[in-house]
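Architecture and fold: a report
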Amino acid sequence: MRQAGRYSSILVGGISGRTGPHALPLARIKRIMKRNSTAAGEASPRMISGEAPVVFSKACEMLIQELARRGWEAALRGKRRTLLKEDVAAAVARTDVFDFLLPVVEAEARPPPPPPPAGQ
């Protein structure tokens, strides 16, 4: 009889028809993991075990839940009951552990460049 895998205990949660017991599609996670890195010629993995995308799926789920919770707190501070992009940006800015997301939310907050003048 086959024993449960090492990470079987993290597979709690809702059942999705597309991805099984995972909240995020494992094939998409694998594709992201295999994507060639553009920074300094770093190599990307060619082979990925079956358990690695499961762990990444759970980690992403936990990150999203925590970011949503902190964003919701920012919405409540603003006396709103709708989570806005600005609330998520405020949650990122107020939490040191989300510093790696600062370039993302700052890029979103920047206005788009003006269009070139007509006739050029």
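Per an unreviewed UniProt entry, the protein chain carries the name Transcription factor CBF/NF-Y/archaeal histone domain-containing protein and comes from Zingiber officinale. Under the UniProt heading Subcellular location (unreviewed entry), the note attached to the protein chain is "Nucleus".

Of regular secondary structure, the protein chain possesses 4 helices and 0 strands. The long-range share in the protein chain, meaning contacts at least 24 apart out of those at least 6 apart in sequence, stands at 38%. Carbon and sulfur atoms make up 59% of the accessible area of the protein chain, which totals about 9500 Å².

Our next topic: the pattern of salt bridges. As enumerated under the stated definition, the model contains 5 salt bridges in all. With a closest N to O distance of 2.5 Å, Glu66 and Arg69 form a salt bridge. One end of the pair is Glu66 and the other is Arg69, both in helix H2 (residues 51-77) and 3 residues apart, which spans about a single turn. Looking at Glu66, the relative accessible area reads 26%, which means it is partly exposed. For Arg69, the salt bridge is made with Glu73, and the minimal N-O distance between the two is 2.6 Å. A residue pair is termed a helical-turn pair when its members lie 3 or 4 positions apart in one helix, as Arg69 and Glu73 do in helix H2 at 4 residues. For Glu73, a relative accessible area of 34% puts it in the partly exposed group. Put simply, Glu66, Arg69, Arg70 and Glu73 are held in one network by salt bridges that share partners.

Leaving glycine out, the prevailing phi sign among residues is negative, and the prevailing peptide bond configuration is trans. Although it is not a glycine, Lys79 adopts a positive phi angle of roughly 60°. Turning to its location among the elements, Lys79 is positioned in the loop between H2 and helix H3 (85-94).

A pair of packed helices is captured by two measures, namely the crossing angle of their axes and the spacing between those axes. Where H3 contacts helix H4 (residues 102-109), the two axes come as close as 10 Å, and the packing angle between them is 145°. Considering the relative orientation of H3 and H4, their crossing is left-handed. Counted together, Lys85, Ala89, Val92 and Ala93 of H3 and Leu102, Val105 and Glu108 of H4 form the full contact between these two elements. Classifying every residue of the contact of H3 with H4 by side-chain character gives 5 nonpolar, no polar and 2 charged.

Take a nonpolar patch on the surface next. Taken together, Trp72, Leu76 and Leu83 make up a surface patch of nonpolar side chains, about 250 Å² in accessible area. Locating Leu76 in the fold gives a position in helix H2. Judged by relative accessible area, Leu76 falls into the partly exposed class, the value being 41%.

Further remarks concern the side chain of Ser57. As for its position among the elements, Ser57 is in helix H2. Under the relative-accessibility criterion, Ser57 is labelled buried at 2%. Sequence-distant contacts of Ser57, that is, excluding residues within four places in its chain, are made with His22, Ala23, Leu24, Leu26 and Ile29.

Parameters and conventions
- Residues numbered from 1 in each chain as written.
- Predicted model: local features only at pLDDT ≥ 70, side-chain atom pairs only at ≥ 80, totals over all residues.
- Heavy atoms only, no water.
- UniProt positions renumbered as here; feature names shortened; annotations may be inferred.
- Helix = DSSP H or I, 4+ residues; strand = E, 2+ residues; numbered from the N terminus.
- Contact = heavy atoms within 4.5 Å.
- Areas by Shrake-Rupley, 256 points an atom, 1.4 Å probe, with all protein chains shown as cover.
- Salt bridge = Lys/Arg side-chain N within 4 Å of Asp/Glu carboxyl O.
- Buried < 20%, exposed > 50% of the residue type's maximum accessible area, 1.4 Å probe, protein only.
- Axes fitted to C-alpha atoms, helices over the stretch in contact; angles between N-to-C directions.
- Left-handed = near helix turned anticlockwise from the far one by under 90°.
- Nonpolar A, V, L, I, M, F, W, Y, C, P; charged D, E, K, R; others polar.
- Patch = residues over 30% accessible without salt bridge, like charges linked within 9 Å, V, L, I, M, F, W, Y side chains within 5 Å.

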